[in-house]
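# Coordinate inspection notes
Spelled out, the chains give:
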Amino acid sequence: MSASKHITVLLEETIQALAVQPGGRYIDCTLGGGGHAVAILDHSSPGGQLLGIDADPEAIKVARARLEAYSNSILLINENFVNLQAICFKYDFFPVHGILFDLGLSSLQLENSGRGFSFQQDEPLDMRLSPSQEVTAAEIINTFPETELAHLIRSLGEEAYSRQIAHRIVNERPIRTTLQLVQTIELAVGGRRGRIHPATKTFQALRIATNHELEHLEAALKQAISLLGFEGRLVVISYHSLEDRIVKQFISQESRDCICPPGTPACICGHTARLRLITKKVITPYPEEVQSNPRSRSAKLRVAERIVHQDEYYKNDEELYFLVGAEANGWRKPAVINELKKAFSTVEIE
Ligand SMILES: C[S@@+](CC[C@H](N)C(=O)[O-])C[C@H]1O[C@@H](n2cnc3c(N)ncnc32)[C@H](O)[C@@H]1O
C-alpha cells in the first residue's frame, strides 16, 4: 500500500475544529494514511504529542513510515478504537486537548487491501479491518438466515430491495468473492437503475456488520468524553447517515443538562451536560474539495467541546485525580482546582 493515495478529507477544517495548539496532546482514533496526523503534529509543534490508533495493521505500517520524522512525538497503536479508554489508561495518555474520528475506510483499504471492501475489484469477501477479528463478510453472507440477511441489508445499508437481495443471495450460496456478490445483487434488483451502483448499499451494510462499526462508534464516543481535558475538542467526520445520526444524537444528548422524556414534570435523570456544541451547523467540504476528491462528497464534520461542572467532580474522586492531572499538565484552571481542593480537603490531591 502506498500512503500517497489517500487524500485527507476536511483537513483545514479539522485542524481548526480541534483548535490544535503548540504543546497540545491529541488522539487520532482513525490514523489511516496519517494525513490528519501530520497536520496535527505540525500545528502542535513544539511539544505536541499524538496517540494514533488504527485497527488495521497495514494502516499502522503505512502511517509509521509517513510519520517517521515525528517519532519522538507519536505513539502508534494497532487496536480498535472501541478500546480507546483502556489504551489511554495503559499508556497514560490522558487528559487530552483533542480527539479525532475520521470514520470509515481509507482509499488504501478500498483500492489495495485485497479484502473485498470495494465492488470495483474481484477479491475475497473478507471486509475485516483487522485479521484478528473472527467473522468475515463471507461468513455472514453464507451463514445468516434469509430474514436476518434482509434485515441487516435494510437496516445497515438502507437498501429498499433488501428482501429480494437476501433471497437471491441465499439461492446462490456459497458466495466467496466480491464479483459473485455483485452479480447476485444485479440479478436480484434487475440491473443498474440510477447513478448509484446497485451493490453500494449491500456492501456498506456488510462492512458495517462485519466490523460492528455502529456499536464501536457509540462505545468509543462515550469513552472519549472522559478522556478530554477542559475545553478539549471532540471532532468526528462521518460518511453516511447512520454514523452521522449517532454522532449528532450523542453530542446533542451530552450537551443537555436534563435528558428526561418530554413532559416529565421534574427532572429525574440527574444528567449534566459534558459537551458544548461548537458549530450548530454540520461542516461539509467546499465544492472545490468535492471536485478534487469525490470521496469527500458525503463527509460531515461535527465538533463539540468538553465542559466540566464542578458537581461532576464533587461526585467522583477518580475524576478529581484526572482534573489535577490536567493541572499538572499545565492547564490552568486555578479557580476550579481551589474549589475542589476545599471540597475534598480530606483527599490527598497534590
Ligand atoms: C478514513 S480513514 C482515516 C484517514 C486519515 N484520517 C488520513 O487522513 O489519512 C479511516 C481509518 O480508520 C480506521 N478505522 C475504522 N474503524 C476503526 C476502529 N473501530 N478502530 C480503529 N480504527 C478504525 C480504518 O482502518 C482506516 O484506516
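Since the structure is predicted, the reported quantities are computational estimates derived from the model, not experimental observations.

## Section: the packing of aromatic side chains
Evaluated as defined, the whole model comprises 3 aromatic pairs. Seen in terms of ring centroids, Phe81 and Phe101 are 5.1 Å apart; in terms of plane orientation they differ by 90 degrees. Their pairing is edge-to-face. Placement of the pair is Phe81 in the loop between β3 (74-78) and α4 (84-90) and Phe101 in strand β4 (residues 96-102), with a sequence separation of 20 residues. With relative accessibility at 13%, the residue Phe81 sits in the buried group. For Phe101, a relative accessible area of 0% corresponds to the buried category.

## Details of the packing of helix α7 (residues 146-157) against helix α10 (residues 200-211)
Packing of α7 against α10 leaves a shortest axis separation of 8 Å and a crossing angle of 95 degrees. Our classification of the angle between α7 and α10 gives roughly perpendicular. Along the contact surface, α7 presents Leu152, Ile153, Leu156 and Gly157, while α10 presents Lys201, Thr202, Gln204, Ala205, Leu206, Ile208 and Ala209. Its residues placed into classes, the contact of α7 with α10 shows 7 nonpolar, 3 polar and 1 charged.

## Some points on the site of the ligand
Around the ligand sit 24 residues in total, of which Thr8, His36, Asp54, Asp102 and Gln109 are the nearest. Residue Gly33 places a main-chain N or O atom 3.0 Å away from an oxygen atom belonging to the ligand. About the coverage of the ligand: the protein hides 97% of its 600 Å² of free accessible area. Partitioned by chemical class, the residues of the shell around the ligand number 8 nonpolar, 12 polar and 4 charged.

## Remarks on the sheet that holds β3
Picture the strands of a sheet paired through backbone hydrogen bonds; they go either parallel or antiparallel. Read across the sheet, 7 strands follow the order β3-β2-β1-β4-β5-β7-β6 without closing on themselves; strand pairing throughout is mixed. Two strands in the sheet have a free side with no partner beyond their single neighbour: β3 and β6 (275-277). Taken over all neighbouring pairs, the strand axes of this sheet differ in orientation by 20 degrees on average, direction set aside. Note that strand β2 (residues 49-54) and β3 share 5 bridges and pair parallel. Each bridged residue has a counterpart across the sheet, and for Leu51 the counterpart in β3 is Leu75. Where helix α1 (residues 11-18) meets the sheet, its contacts fall on β1 (25-28), β4, β5 (228-238) and β7 (300-306), and the angle it forms with β5 comes to roughly 155 degrees. Helix α3 (residues 57-66) rests against β2 and β3 of the sheet, and its axis sits at about 160 degrees to β3.

## Some remarks on the nonpolar core
In summary, soluble globular proteins display a tendency toward joint burial of nonpolar side chains. Core analysis: the largest hydrophobic core is formed by 62 residues, its most contacted members being Ile27, Leu84, Ile99, Phe101, Leu181, Leu221 and Leu234. Each residue touching Leu84, except ones within four places of it in the same chain, is listed here: Ile27, Cys29, Ile53, Phe101, Ala220, Gln223, Ala224 and Leu227. Listed in part, the 25 residues of the second largest apolar core include Leu18, Leu31, Ile60 and Val235.

## Notes on the pairing of β2
Where a strand is regular, its side chains alternate between the two sheet faces. The element β2 is extensively covered by neighbouring structure, given that 5 of its 6 residues are classed as buried. Pairing of β1 with β2 involves 4 bridges; the strand directions are parallel. Residue pairing across strands places Arg25 opposite Gln49, the latter belonging to β2. Handedness of the β-α-β unit built from β1, helix α2 (residues 35-43) and β2 comes out right-handed.

## What to know about helix α12 (residues 241-254)
Side chains that are three or four residues apart share a direction in an α-helix, a result of its 3.6 residues per turn. End to end, α12 covers 20 Å across 14 residues, agreeing with the expected 20 Å (1.5 Å per residue, within 8%). Of the surrounding elements, those touching the buried residues of α12 are α7, α10, α11 (213-227), β5, β6 and β7.

## Let's talk about the state of the cysteines
Overall, the coordinates contain 0 disulfides when judged by the stated rule. For the unlinked cysteine Cys258, the closest cysteine sulfur is that of Cys260, found at 3.6 Å. A relative accessible area of 32% places Cys258 in the partly exposed class.

## Points about the environment of Gln49
Along the polypeptide, Gln49 turns up in strand β2. If sequence neighbours within four positions are ignored, Gln49 has contacts with Gly24, Arg25, Tyr26, Ser44, Ser73 and Phe93.

## Here we look at the confidence of the model for the chain
Detail in the predicted coordinates should be disregarded across regions flagged by low pLDDT. Chain-level pLDDT for the chain is 88 on average; 87% of the residues reach the 70-or-more range. A low-confidence stretch, residues 326-333 (pLDDT under 50), is modelled with 12 contacts involving residues beyond four sequence positions or located in other chains. In the predicted structure, residues 343-350 sits below a pLDDT of 50 and forms 12 contacts with residues beyond four places in sequence or in another chain.

Cut-off values and rules
Residue numbers restart at each chain and count upward from 1, following the sequence in its written direction. Selection of residues for local features in this predicted model requires a pLDDT of at least 70, selection of side-chain atom pairs for listing and counting requires 80 or more, and totals for whole chains, interfaces and linings are taken over all residues. Hydrogens and water molecules were not included; the side-chain quantities draw on all heavy atoms of the structure. A pair of aromatic rings is counted whenever rings of Phe, Tyr or Trp (Trp by its six-membered ring) have centres within 6.5 Å, and the orientation is called stacked for planes under 30 degrees apart, edge-to-face for over 60 and tilted otherwise. Strands here are runs of E lasting at least two residues and helices are runs of H or I lasting at least four, both read from the DSSP assignment and numbered beginning at the N terminus. Residue burial is assigned from relative accessible area. The probe radius is 1.4 Å, only protein chains are included, and a residue is buried under 20% of its type maximum, exposed over 50%, and partly exposed in between. All axes are obtained by fitting lines to C-alpha atoms, using only the stretch in contact for helices, and the reported angles, taken between N-to-C directions, cover 0 to 180 degrees. Oblique is the label for any angle not under 35 degrees, not over 145, and not in the 65 to 115 range, which are roughly parallel, roughly antiparallel and roughly perpendicular in turn. Any two residues whose heavy atoms approach within 4.5 Å are treated as being in contact. In the scheme used here, Gly and all other residues not listed as nonpolar or charged are polar, with Ala, Val, Leu, Ile, Met, Phe, Trp, Tyr, Cys and Pro taken as nonpolar and Asp, Glu, Lys and Arg as charged. Near, as used in this document, describes a residue that has one of its heavy atoms within 4 Å of the molecule or strand being considered. Any pair of nitrogen or oxygen atoms within 3.5 Å is treated as a polar contact; in protein, a donor-acceptor pairing is required on top of that, and neighbouring residues in sequence qualify only through side-chain atoms on both sides. Calculation of accessible area relied on Shrake-Rupley with a 1.4 Å probe; when residues are assessed, cover is drawn exclusively from the protein chains displayed. Strands pair, by our definition, only if DSSP identifies at least two bridges between them. Think of a nonpolar core as a cluster: buried Ala, Val, Leu, Ile, Met, Phe, Trp, Tyr and Cys residues, connected wherever their side-chain atoms sit within 4.5 Å. Here the term right-handed applies to a crossover when the path leading from its first strand over the helix to its second strand runs clockwise, the strands being oriented away from the viewer. In this analysis, the expected span of each helix is defined as 1.5 Å times one less than the number of residues it contains. To count as a disulfide, a pair of cysteine sulfur atoms needs to be within 2.5 Å. Confidence scores labelled pLDDT are given residue by residue by the predictor and lie between 0 and 100.

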